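# Tertiary structure, described
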Amino acid sequence: MGFFTRYAAGIALVFQLIIFRSFTPFNYGYDFFLTMSLFYCLVFPVGYFFSIDKKLFNPVLNLGFNYRRVIQIHLAMAYCFSGIAKGLDSGWWNGNSVWKALASADNNYHTFPSEIFIIIGIGTILLEFFYPFLVIQKLTRRYTVFAIILMHMGIAITMDLYAFSAMMIAWNIAAYGRFSTKK
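Conventions we followed
Residues numbered from 1 in each chain as written. Predicted model: local features only at pLDDT ≥ 70, side-chain atom pairs only at ≥ 80, totals over all residues. Heavy atoms only, no water. Helix = DSSP H or I, 4+ residues; strand = E, 2+ residues; numbered from the N terminus. Buried < 20%, exposed > 50% of the residue type's maximum accessible area, 1.4 Å probe, protein only. Contact = heavy atoms within 4.5 Å. Areas by Shrake-Rupley, 256 points an atom, 1.4 Å probe, with all protein chains shown as cover. Salt bridge = Lys/Arg side-chain N within 4 Å of Asp/Glu carboxyl O. Phe/Tyr/Trp six-rings, centres within 6.5 Å; stacked < 30°, edge-to-face > 60°. Lys NZ or Arg CZ within 6 Å of the ring centre and 35° of its normal. Expected span 1.5 Å × (residues − 1). Polar contact = N/O pair within 3.5 Å; in protein donor to acceptor, adjacent residues only side chain to side chain. Axes fitted to C-alpha atoms, helices over the stretch in contact; angles between N-to-C directions. Parallel < 35°, antiparallel > 145°, perpendicular 65-115°, else oblique. Nonpolar A, V, L, I, M, F, W, Y, C, P; charged D, E, K, R; others polar.

## Considerations on the overall build of the protein chain
- Broken down by element type, the protein chain carries 9 helices and 0 strands.
- The order of helices and strands in the protein chain, counted from the N terminus, is α-α-α-α-α-α-α-α-α.
- When burial is assessed residue by residue, the protein chain has 36% of its 183 residues classed as buried.
- Put simply, of all contacts in the protein chain between residues at least 6 apart along the chain, 65% involve residues at least 24 apart.
- Carbon and sulfur atoms form 71% of the exposed surface of the protein chain, whose accessible area is close to 11,800 Å².

Shown next as structure tokens:
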């Protein structure tokens, strides 16, 4: 609803860090991105759009700073380094990492031909590694973001990682979606 947005984000960030630091063996990418999302909500003017704060306080938006660019750079670095890490793991090249992830999700995907897992693994490496180089180009940006969103939808459906996938899709839409800061 956007009522005292930054204060709420700050309080949520403190609680998230307390919880996040208390259960480190159970953390994965979602927890890191949730913490970063709350931090960005704290420092960015998120209460400016579609919020009660906008109606009550009419805050002034600093258009001299490109907040979306920060998220774009963050995503580019995260995906590129994730692609590098996956590329250094032979399990992604031979399909074992994909097979293990899908087989552990209590479904029947592990019965698929191994070539499917190899294609998915190599495709994931290439998409993540080349993400920064593809989104910077206007010609390939739309296709790259669409492919990343499809990848995260696949992760959500096949591995039941709905919260992580939704967050990554939201980050990509926030970074590259078509919305304007003008009235």
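## Some details on the pattern of salt bridges
- According to the stated counting rule, one finds 1 salt bridge in the structure shown.
- Among the salt bridges present, the one from K86 reaches E128, with a minimum N-O distance of 3.0 Å. Taken together, the residues span a long stretch of sequence, with K86 in helix α4 (residues 67-87) and E128 in helix α7 (residues 114-135) at a distance of 42 residues. Of the two residues, K86 and E128, both sit in the buried class.

## Some points on the packing of aromatic side chains
- On inspection of all chains with the given rule, the structure shows 10 aromatic pairs.
- Ring centres 6.0 Å apart and planes at 50° place the aromatic pair F39 and Y40 in the tilted group.
- Exposure remark for Y40: the relative accessible area of 13% places this residue in the buried category.
- Every member of this aromatic cluster is reached through a ring pair, and the members are F33, F39, Y40, F44, Y67 and W171.
- When the ring centre of W92 is taken as reference, the NZ or CZ atom of K86 above it lies at 5.2 Å.

## As for α4
- In this model α4 runs 30 Å from its N-terminal to its C-terminal C-alpha over 21 residues, within 8% of the 30 Å that 1.5 Å per residue would give.
- Taken as a whole, α4 has its buried residues at I71, Q72, H74, L75, A76, Y79, C80, G83 and K86.
- Looking at the packing, one finds that the buried side of α4 touches α2 (29-43), α5 (90-93), α7, α8 (138-159) and α9 (162-176).
- Measuring from the backbone nitrogen of R68 back to the side-chain oxygen at the start of α4 gives 3.2 Å, which picks out N66 as the cap.

## Observations concerning the packing of helix α6 (residues 96-103) against α7
- One can describe the packing of α6 onto α7 by two numbers: an axis separation of 7 Å at closest approach and a directional angle of 105°. In this view, α6 runs roughly perpendicular relative to α7, as classed from their interaxial angle. Between α6 and α7, the contacting residues are V98, W99 and L102 on the first element and F117, I120 and G121 on the second.
- Here the contact of α6 with α7 is composed, by residue class, of 5 nonpolar, 1 polar and no charged.

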